Every structure is written in structure tokens, then in C-alpha cells.
Amino acid sequence: MPSSRYTKAINAIVLAIAVSSSPSSAFTGPTALPRNMKSFQLHSSALPLTSTSTITSGTKINKQQQQKQMPKLDEDDLYVRNDKVPKVGEVMRMLPKETFDVNTAMGLFYFGVDFAAVAATMGFLNAVVTSDVYHSLPVVAQGLMVAPLQVLTGFTMWCMWCIGHDAGHSTVSKSKSINRVVGEIAHSAICLTPFVPWAKSHRQHHLHHNHITKDYSHQWFVEEEKDELFANAESWFKPAYDTRVWQLPVLYMVYLLAGVPDGGHVFFYGRMWEGSDIKTKLDAAISVAVSMATAGAFWMNMGTADFTVVCMVPWLVMSFWLFMVTYLQHHSDDGKLYTDDTYTFERGAFET
């Protein structure tokens, strides 16, 4: 469990890099950033993606060359040289104090807006699916009729997922109880994502950004290992890698149920549960029960066909949005990974 200082630091660095990326975020928008954040530049010394044994140290330059390469800065701008990554405290001092103000009313407002959006779109989709007109159409026409509504409903579920994410970061409210209730509704109930298990693995992800083995949520490999991994005819790695884009709608289900790569979020096994006591698992089981009860209630009330069309297909759209955003954010050809010898919290956080 990270300290409150590191919890604030995580939020600070996330905000500094990707200020309010979700439309439902309770954070202040990008226009509130001070000028020094807008012109912040970072070139960190890091372990390159193509190597696990060397560190890119950057090119040494003399003072005259350094001055020549320095960008034009205002007096309150911060320029970070190749050999220096800012510490948590520096990042926090760069941001205005109001960055750390958690506005419960605003957080609940966005929660209410997104909840209403999910209820309206899913309710309308259900009304269409249960109508006589829908049932009078052939199957192909039925699919074409509801597809746009399914995409829209899935997007509103994605917005609600973002609210649950903010609750997991304790930024919907200062109240742990409010964050828990919002998280259970947004994630466990609406997005069928057990909130406490998700928050547990997500916290480990933020504490180990881009660590080659300790980063949760994302399974890394380095270029030198690619041929060896792909050469094994019995390995699932190459076909999984080649078809990764087409797997986006279902990867979240694999992540939650199969526990790849963190451990199960519905069944408690894998590395994320190592050392967890029974109290922690019972608390997590509450979130699982909420997800299962919600899914079961809708399934029994709607029947398998309508439940699939109204709930699960939009859920796959939500999953697509989730993996598109996180995959594109965390993976690139020039990404840098770290080992125990090269990793620091700040390096990893700025690399993500």
C-alpha cells in the first residue's frame, strides 16, 4: 500500500503527463496548468527497449554546446537535462496547489452525468431490442439496427469506467467511503470489473511503470528475445502477438478472468494475491459479488439473447476503448524498459 505522499505523487505525475485525458475526470483541465508545465521537457537516461543490459547515458556535451542546445525558456520554465529526472517533490512543486484539491461535488457531478448517460443509452437499446419492430426483422437487419446503439452504449460505459478509475485513485472524493461506493457502482456493477481487485493491481502498475517484470497490466518483452520467443512452434506467443489488435475487444475479459499477466480479478490467484491476508481477499470478494449479482440479475431478467445484445456487446465496445487507450499509451517502438538496476519511480512514471 503506497503512502499518501506517493499516492499524491502518482496523481501528480499522471496529471503532468496526460492532464485530464478522460472527459469524465474530476481534475481541472489542461488550461489550468502553469506555464512551466506547458514547456516542460524531459530526456531521461533509461534502459532502451532493445536491450536489457545497457543504459543509454546520452551524449556528453560541453557548456557551450549545452547552451546552444538549450531551448528558449521563460524565467519560471523548467528544463531537465539528459542526466536528470525530476524527483517526486519537484514535480509536485511544479503544479499549483489546487491540483491536489479533490472536489467531491464535481466528482459526483461527473459520476451522475456518466451514470445517466449509461442508463439512457442502455435503456433505449433495451427498448429497441424488446420492441415488435426489432423482432419482426431478420437477424442481419436486427444487427444493423442495434449496432450504432451498442457502440454508443459501450462508449458511455467507457466513460463510467474512467470515473471508477478516478475513484481508485481517490480523486472523486476525499472520503474513502464515497470513493468505494462510486467505484463499486461504476466498476463492479456497470463495467463488471470488480473494483477492489482492479484497484489492487492498478496500484502496483503505477508503482512500477515500465519495469520489465514488475509492471502490472502490461506484459513486456524486449527485442533480443523476440526471435527466441517466436521460434518455438508450440508457443502461443507469436500468434498472440500477430493478432493482438484483433484481440482488443476480448483482452479485458482474459485479463479479468484468466489473470494474464497479473493474477485473477474474479478468482484470487496469481502474483497480485501473494502475501494477501484473508481480510484483503474478503474485501475484494465484495466487489466480485457485486459484479456477479449485477450480471446475474440482468441475465435472468433479460434472457441470454437480449443480455448479450444489450449488455455484453456494449461491454466489448468498452473493452475495446479501454485497451486502445492503455495500449497506445504504454506501448511504442521507442519505449524504454527498466530492470531493478536502472528503475526509479520517477523514471518509470515519466516513461509511461
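1. With respect to the environment of Thr130
Then comes step 1: Within the secondary structure, Thr130 is located in the loop between α5 (104-129) and α6 (132-135).
Then comes step 2: Separated by 176 residues in the primary sequence, Thr130 and Asp306 have C-alpha atoms spaced 8.0 Å apart.
Then comes step 3: The contacts of Thr130, once residues within four sequence positions are left out, are His135 and Asp306.
Then comes step 4: At 3.3 Å, the side chain of Thr130 forms a polar contact with the backbone oxygen of Ala127.

2. Some details on the packing of helix α8 (residues 176-190) against helix α9 (residues 195-207)
Then comes step 1: Remark: α8 packs on α9, axes separated minimally by 9 Å, with the N-to-C direction vectors making an angle of 100 degrees. Relative to α9, the element α8 is oriented roughly perpendicular. Along its contact with α8, which presents Asn179, Arg180, Gly183, Glu184, His187 and Ser188, the element α9 presents Phe195, Val196 and Trp198.

3. Observations regarding the packing of helix α7 (residues 139-168) against α8
Then comes step 1: Running from amino to carboxyl end, α7 crosses α8 at an angle of 145 degrees, the nearest separation of the two axes being 8 Å. Both α7 and α8 take part in a crossing whose hand is left-handed. Here Met157, Met160, Trp161, Ile163, Gly164, His165 and Ala167 of α7 come into contact with α8, specifically with Asn179, Val182, Gly183, Ala186, His187 and Ile190.
Then comes step 2: Residues that form the contact of α7 with α8 fall into these classes: eight nonpolar, five polar and no charged.

4. Some remarks on unusual backbone geometry
Then comes step 1: For the bond from Val260 to Pro261, the omega torsion is 5 degrees, close enough to zero to count as cis.
Then comes step 2: Within the secondary structure, Pro261 is located in the loop between α12 (248-258) and α13 (278-302).
Then comes step 3: Non-glycine residue Leu192 carries a positive phi angle of around 50 degrees.
Then comes step 4: Within the element layout of this structure, Leu192 appears in the loop between α8 and α9.
Then comes step 5: Even without being glycine, Asn210 reaches a positive phi, approximately 60 degrees.
Then comes step 6: Turning to its location among the elements, Asn210 is positioned in the loop between α9 and α10 (223-231).
Then comes step 7: A relative accessible area of 2% means that Asn210 is categorised as buried.

5. Things to note about α13
Then comes step 1: Spanning 25 residues, α13 covers 35 Å between terminal C-alpha atoms, matching the ideal 36 Å at 1.5 Å per step.
Then comes step 2: For α13, the elements touching its buried residues are α5, α8, α9 and α14 (304-330).

6. Quick word on the side chain of Ser188
Then comes step 1: Relative to the helices and strands, Ser188 resides in helix α8.
Then comes step 2: Of the polar contacts made by the side chain of Ser188, one reaches the backbone nitrogen of Phe195; its length is 3.0 Å.

7. Details of the state of the cysteines
Then comes step 1: Counted by the stated rule, this structure contains zero disulfides.
Then comes step 2: Unpaired in terms of disulfides, Cys159 finds its nearest cysteine sulfur in Cys162, a separation of 6.2 Å.

The rules behind these values
Residues numbered from 1 in each chain as written. Predicted model: local features only at pLDDT ≥ 70, side-chain atom pairs only at ≥ 80, totals over all residues. Heavy atoms only, no water. Helix = DSSP H or I, 4+ residues; strand = E, 2+ residues; numbered from the N terminus. Contact = heavy atoms within 4.5 Å. Polar contact = N/O pair within 3.5 Å; in protein donor to acceptor, adjacent residues only side chain to side chain. Axes fitted to C-alpha atoms, helices over the stretch in contact; angles between N-to-C directions. Parallel < 35°, antiparallel > 145°, perpendicular 65-115°, else oblique. Left-handed = near helix turned anticlockwise from the far one by under 90°. Nonpolar A, V, L, I, M, F, W, Y, C, P; charged D, E, K, R; others polar. Buried < 20%, exposed > 50% of the residue type's maximum accessible area, 1.4 Å probe, protein only. Expected span 1.5 Å × (residues − 1). Disulfide = S-S within 2.5 Å.

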